[in-house]
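Fold and contact review
Residue strings, one per chain:
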Amino acid sequence: MKIHEYQAKELFRNAGVAVPKGIAAFSVKEAVDAASALHQEGIESYVVKAQIHAGGRGKGGGVKLAKTRADVETLAKQILGMTLITHQTGPEGKLVKRLYIEEANPPKKEMYLSLILDRDRSCISLLASAEGGMEIEELAVNEPEKILTLPIDPTTGWQAFHSRKLAGFLGLSLDPKSPGKLFGQIHNFMEKLYAFFIAKDCSILEINPLAIVGEGESQRLVALDGKINFDDNALKRHPDVAQLQDPDEEDAAELEAAKFDLNFISLYGNIGCMVNGAGLAMATMDIIKHYGGDPANFLDVGGGATADKVREAFKIITKDKKVKAIFVNIFGGIMKCDTIAEGVIAATKEVGLKVPLIVRLEGTNVDKGREMLEKSGLQIISAKSMADGAQKAVQAMKEGL
């Protein structure tokens, strides 16, 4: 689950991680009121930030500097309600419904920092670069040596030697008497950030940029941005986090699928897939691509799905107007083929079959499942194997275009 920048910063603030002052706004009036409230705290200039679940907001025109409160109003009118297109939104973009009005902090130095679940190393790893900002993706591709990867032993957690290595890589002074005492700040900052990552079951935490602001002894490290992804499976432990979900930023089909405990991810293709088992679902998408098609979704109905669950999964697929063919690929182990057949028949009769349906069944009760499909009276294309099914799905899709 993703959250907005302003929500991430509120969580950071509560965890003792340094962030600038800011206030969320849902209208132009609220944006102006937020600027006035910040002005009362001595803040004279502001940043107006679009709040969407995508990176590249600055490049897309969704982050603007406002030198006065009048500028905040002008920029809020421009950004609120705009369709913001970035490299992460796709060409359709995202509608901006929320703003974050934040104190302007001209950075003396911008850096990049993130914590990730490192599955290769079976730990949390730190990624850092002395060059933060909007070009971090290009840096990772063209100059990977400028990015530090620092695995963190889960039995010991964040330690002082991690801070020394990080500070040295970022070019921060290790001298405790240096202006701003930045080494002490980075150690405190990272200790709290790592503890937060563990406590809240995060999967990705990114700060871009981590910045040095202020002068001399007033120098300080602050997170000028914040992006957090949480492990969906752990949300039951964190009701405070779960309530931060913004349905407007989520895929409607994925939200519907979650109600029925279906593992569903929308994609950009036109062949709908319904499969049992994540591995088989991945293989199904691969073989569709191999034969020249594009999957419209990843959908794992699970090993112990009921006919009702299968029916709901089928209904979700058929709601996608991009779908020109549907490939049901089932290997029955715990999941029985007749259960799949029952769900597919019920869903097809309920919503109507408007595109070609290709079904491959193997495993437990396969003969019974095939017999049910044959006697259903539905126009179902039977497949003998996964490869056969994929080829037939691609062919049916092409004929339907």
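In what follows, the accompanying structure is described.

What counts as what
Within every chain, residues take consecutive numbers counted from 1 along the sequence as written. In view of the model being predicted, local features appear only for residues whose pLDDT reaches at least 70, and side-chain atom pairs are presented and counted only at 80 or more, with totals across whole chains, interfaces and linings using the full set of residues. For side-chain calculations, the full set of non-hydrogen atoms in the structure is used, while hydrogens and water are omitted. Starting at the N terminus, helices and strands are each numbered in turn, a helix being any DSSP run of H or I of at least four residues and a strand any DSSP run of E of at least two. Between buried and exposed lies partly exposed: a residue is buried under 20% and exposed over 50% of the maximum accessible area for its type, with that area taken using a 1.4 Å probe on protein chains only. Only heavy atoms enter the contact rule, under which two residues are in contact if any of them lie within 4.5 Å. Surface accessibility follows the Shrake-Rupley procedure with a 1.4 Å probe radius. Residue values consider only the protein chains on display as shielding. The sign given to each residue is positive for Lys and Arg and negative for Asp and Glu; His and the chain ends receive no count. A charged residue contributes its charge at one atom only: NZ of Lys, CZ of Arg, CG of Asp or CD of Glu. Pairing between strands is defined by DSSP: at least two bridges between the two strands are required. Only the stretch in contact is used when fitting a helix axis, every axis being a line fitted to C-alpha atoms; angles between N-to-C directions are given from 0 to 180 degrees. Expected span of a helix, by definition, is 1.5 Å for each gap between consecutive residues, and there is one gap fewer than residues. The arc in question is traced by the directions running from the helix axis to the C-beta atoms. Orientation is classified from the angle alone, with under 35 degrees giving roughly parallel, over 145 giving roughly antiparallel, 65 to 115 giving roughly perpendicular, and any other angle giving oblique. It is the rotation of the near helix from the far one that decides the hand of a crossing: anticlockwise by less than a right angle makes it left-handed, clockwise makes it right-handed. Polarity classes work like this: nonpolar for Ala, Val, Leu, Ile, Met, Phe, Trp, Tyr, Cys and Pro, charged for Asp, Glu, Lys and Arg, and polar for all others, with Gly in that last group. Aromatic pairs are defined between Phe, Tyr and Trp rings, using the six-membered ring for Trp, whenever the two ring centres lie within 6.5 Å; interplanar angles under 30 degrees are classed as stacked, those over 60 as edge-to-face, and all others as tilted.

**Some points on the overall build of the protein chain**
The helix and strand inventory of the protein chain stands at 13 helices and 18 strands. By its C-alpha atoms, the protein chain is 80 × 50 × 40 Å across when sized along the principal axes. Counting only residues that meet the buried cut, the protein chain has 48% of its 401 residues in that class. A separation threshold of at least 6 residues defines the contact pool for the protein chain, and within that pool the share at least 24 residues apart is 68%. Accessible surface, the protein chain as shown: approximately 19000 Å² in total, 52% of it carbon and sulfur. Averaging the coordinates of the 49 positive side-chain charges in the protein chain and doing the same for the 54 negative ones gives two points 1 Å apart.

**Concerning the sheet that holds strand β1 (residues 22-25)**
The four strands are arranged β1-β6-β2-β3 in an open sheet whose pairing can be described as antiparallel. Looking at strand neighbours, the two that pair on one side only are β1 and β3 (63-66), the edges of this open sheet. Averaged over all pairs of adjacent strands, the angle between their axes in this sheet comes to 20 degrees, without regard to strand direction. Here β1 runs beside strand β6 (residues 99-103); their pairing, made up of four bridges, is antiparallel. Bridging across to β6, Ile-23 finds its partner in Ile-101. Sheet strands touched by helix α1 (residues 5-14): β1, β2 (46-50) and β6. Its angle to β6, the strand with the most contacts, is close to 50 degrees. Strand contacts of helix α3 (residues 69-79): β2, β3 and β6, with the helix running at about 10 degrees to β2, the strand carrying the most contacts.

**Focus on helix α2 (residues 28-39)**
With 12 residues, α2 extends 17 Å between its outermost C-alpha atoms, agreeing within 8% with the 16 Å of an ideal straight helix rising 1.5 Å per residue. Every buried residue belonging to α2 is among Ala-31, Ala-34, Ala-35 and Leu-38, and all of these are buried. Along the axis of α2, the buried positions cluster into a sector of 100 degrees, meaning they face one direction only. Where the residues of α2 are buried, they touch β1, β2, α3 and β6.

**A look at the packing of α2 against α3**
The description of two helices packed together rests on the angle between their axes and the distance between the axes. With their axes 9 Å apart at the nearest point, α2 and α3 run at an angle of 155 degrees to one another. One way to sum up the angle between α2 and α3 is to call them roughly antiparallel. For the pair α2 and α3, the crossing hand works out as right-handed. Side by side, α2 and α3 meet where Val-28, Ala-31, Val-32, Ala-35, Ser-36 and His-39 of the first sit next to Arg-69, Val-72, Glu-73, Ala-76 and Lys-77 of the second. When the residues that make up the contact of α2 with α3 are grouped by side-chain class, the tally is six nonpolar, two polar and three charged.

**Observations concerning the environment of Leu-353**
Among the structural elements, Leu-353 can be located in the loop between α11 (337-351) and β17 (357-363). Note on Leu-353: relative accessible area 28%, which makes it partly exposed. Between the alpha carbons of Leu-353 and Ile-380 there is a distance of 9.4 Å; along the sequence they are 27 residues apart. Apart from the residues within four sequence positions on either side, Leu-353 is in contact with Phe-314, Thr-348 and Gln-379.

**Topic: the packing of aromatic side chains**
All chains considered together, the criterion is met by two aromatic pairs. Each ring, one from Tyr-6 and one from Tyr-100, has its centre 6.3 Å from the other, and the planes form 35 degrees; the classification is tilted. Taken together, the residues span a long stretch of sequence, with Tyr-6 in helix α1 and Tyr-100 in strand β6 at a distance of 94 residues. Comparing Tyr-6 with Tyr-100 shows no difference in burial state: the two are buried.

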